[in-house]
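Residue-level listing of the chains:
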Amino acid sequence: MDFEKRYIKQLDWLILLILLGLGLFSYLGISGSAPGVATANRQLMWYAIGFGVLFCTLIIDYRVFRQLSYVVYAIGLVLLFGVFFTKAINNATSWYNLGVVLFQPSEPMKIFTIIAAAHYMSKREEKLGKPYYLYEWWPVFLIVGVPLLMIFKQPDLGTALVFCAILATMLIVGGIRVRHMITFSGIAAIGVGLVSYVYMYHKDDIFFKLIKPYQWARIESWLNPYLDPVGQGFQLLQSLIAIGSGQLTGKGLHTATQASLLWVPVGESDFIFTVIGERLGFIGAGIMMILFFVLVYRMIRIAMECNDPFGAYVVSGVVGMLTFQIFENIGMTIQLMPITGLPLPFISYGGSSLLTNFLTIGVVLNIGMRKQKLSFD
């Protein structure tokens, strides 16, 4: 362990200020939802613990994470396997009930997978250079694919898609060739065609065994929420009405809103952007999105300035993970993306997600602090 003064000078303090700003938006959003101020106060407690996790992470040289990457990855797989023997919550076996809190192992598994994949990619690059042929990428697909399939089986489609975003980002940074990307695009197109065929002609015997009926109902209600305006489409329609009613400056912090009156379900978590848009309007929601933009930009700078391939791969994976979650969560509240159970990073209520995000940012800041460390140091 070492934590010299020169590292403090390299710390990206702007990212810490952004986290404080996002914490304010989180409090305003949760307090304006149906659960109210009591839940918002608990979120402040998680924020305090999260900052503690972040600063503890900064003390340890990030290269230690590389040495332990496969160990924590294996622990994460064991935890993912264990949830299949737990009681289902909201039609998914994704949580451990620890009595006081619910623990979702797929959240820390994101950073565990990123670190493990970055370890392999940097080690291979140091010995053999970047892969040239498509088949040389198979270990990366395996590292990301195993937890992806386990999470998809829970089922948790939203989090599984996050792993797809992590994989895509790390492959692009790793130098995957254009023809390989074209190959994947072709495979994806064929897959869409097969799914369409199965849906048309084998809906009951095959399609709904691969995709849960409630998941498909979400897609249908996303495309046309008026098909079931008081059922599957209710949440999206109320979200659109609430965000629209916020207009430019919002309804204010002390005005009763659709979210506070229970018209917007899970306003403290999945649909917290709806609450913020309704209370603070376009200006408030826009400021929050600017904070996210600057956060992602600062992380990209850290990745580009990092002299260590392992550190660059880790940060790129984190950028892909957070960018996808932000885009998907905000997009689903305005009918731009299908509805999933993904939380909005640093904003939605939830201990597992928030602490994982703080741990992740701690790793990124750790890499940024030590990015210019001399090779013989």
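Not measured: the values here are computed from a predicted model. (Residues numbered from 1 in each chain as written. Predicted model: local features only at pLDDT ≥ 70, side-chain atom pairs only at ≥ 80, totals over all residues. Heavy atoms only, no water.)

K.L.:
Summarise the overall build of the protein chain; cite the residues concerned and give the values.
P.N.:
Scanning the protein chain from N- to C-terminus turns up 15 helices and two strands. Taken over the C-alpha trace, the protein chain has a radius of gyration of 21 Å; the compact-globule value for 377 residues is 21 Å, and the two agree within 12%. Taken along the three principal axes of its C-alpha coordinates, the protein chain extends 65 × 55 × 40 Å. Within the protein chain, the fraction of its 377 residues that count as buried is 51%. Taking contacts inside the protein chain between residues at least 6 apart in sequence as the whole, the part at least 24 apart equals 74%. Here the protein chain has roughly 18100 Å² of accessible surface; of this, 70% comes from carbon and sulfur atoms. The average position of the 26 basic charges and that of the 20 acidic charges among the side chains of the protein chain differ by 4 Å. (Helix = DSSP H or I, 4+ residues; strand = E, 2+ residues; numbered from the N terminus. Rg over C-alpha atoms; globule rule 2.2 N^0.38 Å. Buried < 20%, exposed > 50% of the residue type's maximum accessible area, 1.4 Å probe, protein only. Contact = heavy atoms within 4.5 Å. Areas by Shrake-Rupley, 256 points an atom, 1.4 Å probe, with all protein chains shown as cover. Lys, Arg positive; Asp, Glu negative; His and termini not counted. Charge placed at Lys NZ, Arg CZ, Asp CG, Glu CD.)

K.L.:
Tell me about the environment of Val264, and name the residues and values.
P.N.:
Along the polypeptide, Val264 turns up in the loop between helix H12 (234–246) and helix H13 (272–305). Separated by 30 residues in the primary sequence, Val264 and Phe234 place their C-alpha atoms 8.6 Å from one another. Beyond its immediate chain neighbours, meaning those up to four positions away, Val264 contacts Gln238, Ala242, Gln258, Ala259, Phe271 and Thr274.

K.L.:
Outline helix H9 (residues 178–201), listing residues and values.
P.N.:
Its 24 residues place the ends of H9 35 Å apart at the C-alpha level, agreeing with the 34 Å of an ideal helix rising 1.5 Å per residue. Buried within H9 are the following residues: His180, Val198 and Tyr199. Along its buried surface, H9 packs onto helix H10 (203–210) and helix H11 (213–223). (Expected span 1.5 Å × (residues − 1).)

K.L.:
If you had to explain the packing of aromatic side chains to someone new, which residues and values would you point to?
P.N.:
All chains considered together, the criterion is met by twelve aromatic pairs. A centroid spacing of 6.3 Å and a plane angle of 45° characterise the contact between Tyr47 and Phe51, whose relative ring orientation is tilted. Of this pair, Tyr47 and Phe51 both sit in helix H3 (residues 37–59), separated by four residues, roughly a single helical turn. When its relative accessible area of 6% is taken as the criterion, Tyr47 is described as buried. Assessed through its relative accessible area of 15%, Phe51 is described here as buried. (Phe/Tyr/Trp six-rings, centres within 6.5 Å; stacked < 30°, edge-to-face > 60°.)

K.L.:
Tell me what's going on with a nonpolar patch on the surface, and back it up with residues and numbers.
P.N.:
Where nonpolar side chains cluster on the molecular surface, the patch consists of Val64, Leu68, Val71 and Ile75 and spans about 310 Å² of accessible area. Residue position: Val71 is located in helix H5 (residues 69–82). Residue classification places Val71 among the partly exposed positions, given a relative accessible area of 46%. (Patch = residues over 30% accessible without salt bridge, like charges linked within 9 Å, V, L, I, M, F, W, Y side chains within 5 Å. Salt bridge = Lys/Arg side-chain N within 4 Å of Asp/Glu carboxyl O.)

K.L.:
Account for the environment of Pro225, naming residues and giving values.
P.N.:
Within the secondary structure layout, Pro225 lies in the loop between H11 and H12. Using a relative accessible area of 3% as the deciding quantity, one classes Pro225 as buried. Aside from chain neighbours lying at most four places away, what touches Pro225 is Gly233, Leu236, Leu237 and Gln335.

K.L.:
With reference to specific residues and values, describe the packing of helix H7 (residues 138–153) against helix H8 (residues 157–173).
P.N.:
Two numbers describe how H7 lies on H8: the axes approach to 8 Å, and their chain directions differ by 170°. Between H7 and H8, the crossing angle belongs to the class labelled roughly antiparallel. Only Leu157, Thr159, Ala160, Phe163, Cys164, Leu167 and Leu171 of H8 make contact with H7, whose side of the interface consists of Val140, Phe141, Val144, Pro147, Leu148, Ile151 and Phe152. Counted by class, the contact of H7 with H8 contains 13 nonpolar, one polar and no charged residues. (Axes fitted to C-alpha atoms, helices over the stretch in contact; angles between N-to-C directions. Parallel < 35°, antiparallel > 145°, perpendicular 65-115°, else oblique. Nonpolar A, V, L, I, M, F, W, Y, C, P; charged D, E, K, R; others polar.)

K.L.:
Could you give an account of the pattern of salt bridges, with specific residues and numbers?
P.N.:
In this structure the tally under the stated criterion is eight salt bridges. The partner of Arg370 in a salt bridge is Asp61, with the nearest N and O atoms 3.9 Å apart. Highlighted residues: Arg370 in the segment after helix H15 (351–369) and Asp61 in the loop between H3 and helix H4 (62–67), separated in sequence by 309 residues. Under the relative-accessibility criterion, Arg370 is labelled buried at 3%. We note a salt bridge from Arg66 to Glu126, for which the minimum N-O separation is 3.4 Å. With Arg66 in helix H4 and Glu126 in helix H6 (residues 106–128), this residue pair connects regions lying 60 residues apart in the sequence.

K.L.:
Describe in detail unusual backbone geometry, supporting the description with residues and values.
P.N.:
Looking along the chain, the bond that leaves Gln154 and enters Pro155 is cis, with omega of -5°. One can find Pro155 in the loop between H7 and H8. Here Leu262, not a glycine, exhibits a phi torsion of approximately 75°, which is positive. With respect to the element layout, Leu262 can be found in the loop between H12 and H13. On the basis of relative accessibility, which here comes to 63%, the residue Leu262 falls in the exposed class. With a phi close to 40°, Val266 is a non-glycine residue in the positive phi region.

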